[in-house]
Structure formats: C-alpha cells, structure tokens
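Chain and residue survey
The primary structure of each chain is shown beneath.
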Amino acid sequence: MDLLSNRSTVSEFILLGLSSSQAIQLFLFTVFFIVYVAIVLGNLIIVISVIFDNHLHSPMYFFLANLSFFDLCLSSVATPKMIADFLRKHKTISLWGCMAQMFFTHFFGGGEMSLLIAMAIDRYVAICKPLHYKTIMSRRVLILFLLLSWTIGFIHTMSQMVFTVGLPFCGPNIVDSIFCDLPLVIRLACTETYILELLVIANSGLLSLICFIVLLISYVVMLLTIWQRSSSASSKAVSTLSAHITVVTLFFGPTIFNYAFPFNSYSVDKFLSVFYSIITPFLNPIIYTLRNQEMKAAIKRLSSQHVGSWLIH
C-alpha cells in the first residue's frame with residue numbers, strides 16, 4: 001500500500017454515470033432502487049426456499065441457490081453506490097474503493113461463470129446418465145464443485161488485480177461508466193498498459209467465449225438426447241434446459257462483447273455494464289421461478305407456513 005501511495009497522485013476517481021440531467025437521474029434512481037430491491041428479495045427467496053424446503057434438496061436446486069447467492073453478491077458490489085450516486089452531484093470513489101469494486105466484480109463473476117458450468121454438468125448427468133445420477137452427483141461432488149467455483153473466481157480476479165493495484169495513476173481520473181470497470185480504469189494509468197489490456201481481454205473475454213461455446217455444445221448434446229426420450233420426460237427436461245440456456249446467454253453475452261470485442265463507444269460499455277451487473281441478477285430469479293413448478297410450490301409452502309405461524313403467535 002505504501003508503494004502505491006508513493007507512485008500515485010490520484011486518490012479518487014470521478015464516475016460520470018449514465019446521465020448528467022437531474023430529472024433523468026431521479027428517474028433512474030427510482031427505477032434502479034426498485035430493481036435492486038427486487039434482486040435482493042427474489043434471490044433471497046430462492047436461497048431460503050432451497051434451504052428450508054425438503055422437496056428442493058437436490059443437486060439442481062443446490063446449484064440454483066448458490067447461483068442466486070452469486071447474483072446477490074455480484075449486484076451488491078456496485079449497485080448500492082450507483083443508486084446513491086444518482087442523488088449526488090459529484091460522483092466520486094476512492095482509489096481503493098475502485099480497486100475493491102473491480103476485485104469483487106471479477107471474483108463473483110468468475111465464480112458464477114464456473115458455477116454455470118457445474119450446473120450444465122449436473123443437467124448432462126441427469127439427462128444422459130439418469131441411472132447413475134445420484135451416485136455421480138453425490139454431496140461430496142456438489143461441495144467440490146462449489147469450492148472449485150469460489151477458487152476459480154479468486155484466481156480469475158487475482159490474476160488481473162495483482163497487476164492493476166500497482167499501476168501509477170497520476171493523470172486523468174474520470175471513468176465514463178457507472179462503476180469502476182477494469183478496462184476503463186487501466187487506460188487511465190500513467191504507463192504503457194497494452195500488455196495488461198491484452199491480459200484482461202484474454203482472461204475475461206476469451207475465457208467467457210470459450211466457456212460459452214462449451215456450454216452451448218453441451219446443451220445441444222443434451223437436447224439431442226432428450227428428443228430420443230419419452231414426451232412426458234422431454235417436456236420437463238426441455239423446460240429446465242431452456243431456463244439454463246437463457247441464463248447462460250444473459251450472463252455470458254454481455255461479458256463476451258465487453259471484453260472479447262472491446263468497443264470504442266462508451267454508451268455501449270455503459271449498457272453492457274448495467275446489463276450484467278443489474279439486469280441479469282434481476283432476470284435470473286424470474287426465469288427460474290416462473291418456469292419451475294416445484295420452485296413456485298416451495299415458495300407457496302414457505303409463505304403459508306410463515307403466515308400460519310404468525311397467526312398462531
């Protein structure tokens with residue numbers, strides 16, 4: 001920390017946000033506040049339902065609860081400050097606050113990326129090897145997948161942040177975004193960052209692209225397998241897989257375009273930042289709950305139990 005302070009004259013960054021109009025900012029404050037509350041409530045309901053409802057104690061819902069936890073954490077990294085900034089004239093963030101935002105964004109993002117792959121493996125085993133499903137997807141394997149997701153998320157963020165925290169920032173400190181985004185902050189450093197920018201593109205962009213392609217191939221294999229099964233089993237499996245494919249597309253799409261194909265247009269960067277930090281965590285609970293009868297039934301049972309216990313007391 002002393003080394004960084006000796007080399008840097010910038011103690012904070014200025015975030016330009018989405019608009020300079022006060023009326024638009026008040027409108028955005030209202031919209032994003034409502035969306036964030038929905039994110040917190042929606043994902044918490046899924047986590048609580050999976051924990052307390054015995055009908056949901058299966059590998060698929062274990063992963064779903066952890067996906068909701070990742071979404072909750074990912075949206076909470078920068079969204080609360082972004083919402084508060086809509087009411088501020090000067091939108092600033094400290095140097096270390098900026099570093100923390102970038103660290104945790106890639107930590108939870110990398111973890112969620114790995115978890116989505118684990119969820120695809122779970123569905124592959126359930127559909128293609130149903131007789132061995134319980135043996136293969138044991139509790140030990142589930143814990144191993146979860147620990148691996150956290151570990152990959154940590155390695156993913158550290159492999160980029162270890163080079164970023166030592167950069168000298170002595171000139172421009174304006175970030176034209178809603179929060180500290182790694183590619184935008186790196187460009188503000190008072191040194192040559194071409195190699196580091198390539199590292200970020202390779203680490204985040206190409207990794208996301210490769211994972212996305214692997215996931216799509218696995219889902220195609222599963223769909224081909226489903227079409228050879230009975231119609232009753234196929235209908236439920238296709239519904240589950242379509243939800244997974246939608247979530248994977250929503251998560252990986254903006255990330256791939258943001259890192260693998262960098263834009264010069266800051267308006268596009270802002271839109272993609274809003275999408276993967278707010279819209280995706282907002283849509284995930286809706287996609288899984290509205291299309292999943294077991295989850296909707298569990299939520300009803302949980303709410304009725306709490307209402308019943310409240311009336312008794």
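See the structure above.
Residues numbered from 1 in each chain as written. Predicted model: local features only at pLDDT ≥ 70, side-chain atom pairs only at ≥ 80, totals over all residues. Heavy atoms only, no water.

Some words on the overall build of the protein
In terms of helices and strands, the protein carries 11 helices and 3 strands. Of the regular secondary structure in the protein, the N- to C-terminal order runs α-β-α-α-β-α-α-α-β-α-α-α-α-α. Per-residue burial for the protein yields a buried fraction of 49% across its 313 residues. Here the analysis covers contacts within the protein between residues at least 6 apart in sequence; of these, 79% occur between residues at least 24 apart. Counting every atom, the protein has about 15700 Å² of accessible surface; 71% of that belongs to carbon and sulfur. (Helix = DSSP H or I, 4+ residues; strand = E, 2+ residues; numbered from the N terminus. Buried < 20%, exposed > 50% of the residue type's maximum accessible area, 1.4 Å probe, protein only. Contact = heavy atoms within 4.5 Å. Areas by Shrake-Rupley, 256 points an atom, 1.4 Å probe, with all protein chains shown as cover.)

Here we look at the sheet that holds strand β2 (residues 92–94)
Pairing between the strands of a sheet is mediated by backbone hydrogen bonds and can be parallel or antiparallel. Spatially, β2-β1-β3 is the arrangement adopted by the 3 strands of the open sheet, whose pairing is mixed. Looking along the sheet, the strands with just one partner apiece sit at the ends: β2 and β3 (174–175). Across 3 bridges, strand β1 (residues 12–15) lies against β2 in antiparallel orientation. Paired with Ile14 across the two strands is Thr92, which belongs to β2. Contacting β1 and β2, helix α4 (residues 95–128) crosses the sheet at an angle of about 85° to β2. (Pairing = 2+ DSSP bridges. Axes fitted to C-alpha atoms, helices over the stretch in contact; angles between N-to-C directions.)

A look at the side chain of Ser149
Looking at the element boundaries, Ser149 is found in helix α6 (residues 139–164). The exposure class of Ser149 is buried, given its relative accessible area of 1%.

Quick word on the side chain of Ser68
By secondary structure assignment, the location of Ser68 is in helix α3 (residues 59–85). Excluding residues that lie within four positions of it along the chain, Ser68 makes contacts with Asn43, Ile46 and Val47.

A word on the pairing of β1
The side chains of a regular strand alternate between the sheet's two faces. A one-sided burial pattern is seen for β1, the buried positions being Phe13 and Leu15 and the unburied ones Glu12 and Ile14. Note that β1 and β3 share 2 bridges and pair parallel. Paired with Ile14 across the two strands is Ile174, which belongs to β3.

Thoughts on the state of the cysteines
Under the criterion given, the structure shown has 2 disulfides. A sulfur-sulfur separation of 2.1 Å characterises the disulfide bridge that pairs Cys98 with Cys180. Here the disulfide of Cys98 and Cys180 is left-handed, its torsion about the S-S bond being about -125°. Placement of Cys98 in helix α4 and of Cys180 in the loop between β3 and α7 (182–186) is noted, with a sequence separation of 82 residues between them. As far as the burial class goes, Cys98 and Cys180 line up, both buried. (Disulfide = S-S within 2.5 Å.)

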